[in-house]
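# What the coordinates show
Each chain is listed here by its residues.
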Amino acid sequence: MTTQSNRAGVLQIVGVGLVLLLVVVVLHAEGRIFLCDCGHFAVWTSDTCSSQTSQQLFDPYSFTHILHGFLYFWLFALLFKRMSPGWQLWLAVLLEGTWELLENTPFVIEKYRTETAALGYQGDTIVNSLGDLTCALIGFLLARKLGVRWSLIFFLLVEVVLTWWIHDSLLLQIVMLVHPVEAIKRWQMCG
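Structure report, in brief. (Residues numbered from 1 in each chain as written. Predicted model: local features only at pLDDT ≥ 70, side-chain atom pairs only at ≥ 80, totals over all residues. Heavy atoms only, no water.)

### Here we look at the overall build of the chain
This is how the line gets drawn: Secondary structure is summarised from DSSP: a helix means a run of H or I of at least four residues, a strand means a run of E of at least two, and numbering begins at the N terminus for each. In this setup the radius of gyration rests on C-alpha atoms only. A globule is expected at 2.2 Å times the number of residues raised to 0.38. Whether two residues are in contact is decided by their heavy atoms, any of which lying within 4.5 Å being enough. Working definition of accessibility: Shrake-Rupley area with a 1.4 Å probe, residue cover restricted to the visible protein chains. Neither His nor the chain ends contribute to the count of charged residues, in which Lys and Arg are positive and Asp and Glu negative. To locate a charge, take atom NZ for lysine, CZ for arginine, CG for aspartate or CD for glutamate.
Within the chain, the secondary structure is distributed over seven helices and zero strands. Computed over C-alpha atoms, the radius of gyration of the chain comes to 17 Å, within 12% of the 16 Å expected from 2.2 N^0.38 for 191 residues, which places it in the range of a compact globule. If one aligns the C-alpha atoms of the chain with their principal axes, the spans along those axes are about 60 × 40 × 25 Å. Sequence-distant contacts, at least 24 apart, represent 66% of the contacts inside the chain between residues at least 6 apart. As displayed, the chain offers around 10700 Å² of accessible surface, 71% of which is attributable to carbon and sulfur atoms. When the 11 positive and 14 negative side-chain charges of the chain are each reduced to one mean point, those points stand 14 Å apart.

### So, the packing of aromatic side chains
Filter applied, for reference: Pairing of aromatic rings covers Phe, Tyr and the six-membered ring of Trp, with a centre-to-centre limit of 6.5 Å; geometry is then stacked below 30 degrees between planes, edge-to-face above 60, and tilted otherwise. For every residue, the accessible area obtained with a 1.4 Å probe (protein chains only) is divided by the maximum for its type, and the residue is called buried under 20%, exposed over 50%, and partly exposed between those limits.
Scanning the entire structure with this criterion turns up eleven aromatic pairs. Aromatic pair Trp44 and Phe63: ring centres 6.3 Å apart, planes at 75 degrees, arrangement edge-to-face. Here Trp44 is found in the loop between α1 (3–29) and α2 (62–79), whereas its partner Phe63 is found in helix α2, with 19 residues between them in sequence. Residue classification places Phe63 among the partly exposed positions, given a relative accessible area of 32%. Plain terms: the ring middles of Phe70 and Phe154 are 5.4 Å apart, the flat faces sit at 15 degrees to each other, and that makes the pair stacked. Taken together, the residues Phe70 in helix α2 and Phe154 in helix α5 (residues 126–166) connect sequence positions 84 residues apart. A relative accessible area of 0% places Phe70 in the buried class. Of the aromatic side chains, those joined through ring pairs into one cluster are Phe70, Trp74, Phe154 and Phe155.

### A closer look at the state of the cysteines
Just so we agree on the cut-off: Disulfide assignment relies on a single distance test, namely cysteine sulfur atoms paired within 2.5 Å.
As enumerated under the stated definition, the model contains two disulfides in all. A disulfide bridge connects Cys36 with Cys38, and the sulfur atoms are separated by 2.5 Å. Since its relative accessible area comes to 34%, Cys38 is described here as partly exposed. The residue that forms a disulfide with Cys49 is Cys190, at a sulfur-sulfur distance of 1.8 Å.

### Overview of the environment of Gly139
Structurally, the position occupied by Gly139 is in helix α5. Considered as a pair, Gly139 and Tyr72 are 67 residues apart in the sequence and their alpha carbons are 8.9 Å apart. Apart from the residues lying within four places of it in its own chain, the contact partners of Gly139 are Ile66, Gly69 and Phe70.

### A short note on unusual backbone geometry
Of note in the backbone geometry, Ser54 takes a positive phi value of approximately 70 degrees without being a glycine. Structurally, the position occupied by Ser54 is in the loop between α1 and α2. Phi at His167 takes a positive value of approximately 60 degrees, unusual for a residue other than glycine. Relative to the assigned elements, His167 resides in the loop between α5 and α6 (170–178).

The structure is reproduced here in structure tokens:
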């Protein structure tokens, strides 16, 4: 390995760390809490109908963030073929970090509350946002390993499983945020 590639690798690692730090600082400045105010920390919560969703490190929606990583991989395969894998990884973290900041704005939180079945949604804790970033990174690396064809099959499989399991998925989230469908919202409701 050359000195130049060593330097690039260090810059990429530092760049990822800076993005993570910036996300934490901005989320905190916007009033997001670090840990769930429920009084305990959990690595996983499976109940999508509880107030723990988006409050603990991982939840069923973490799988949609893995799929974000797949989308970044496909986007970069089309637009940034010549970019080094390390810089693609940094860009994926930057894009997901940007999404986490946008997702936790009052506008998007309110959109989730009114247009989806996520009634009472308060936004993510900082820990959950870091979990979501981790999932997107895992998804990006997994898609890179699988390649375009197999990652598409995996993506569709995860969509089907999420739709069956939690009555939601990445594609359904997009539909409900862009053009809400009342029948889908009723089907997704807990209770």
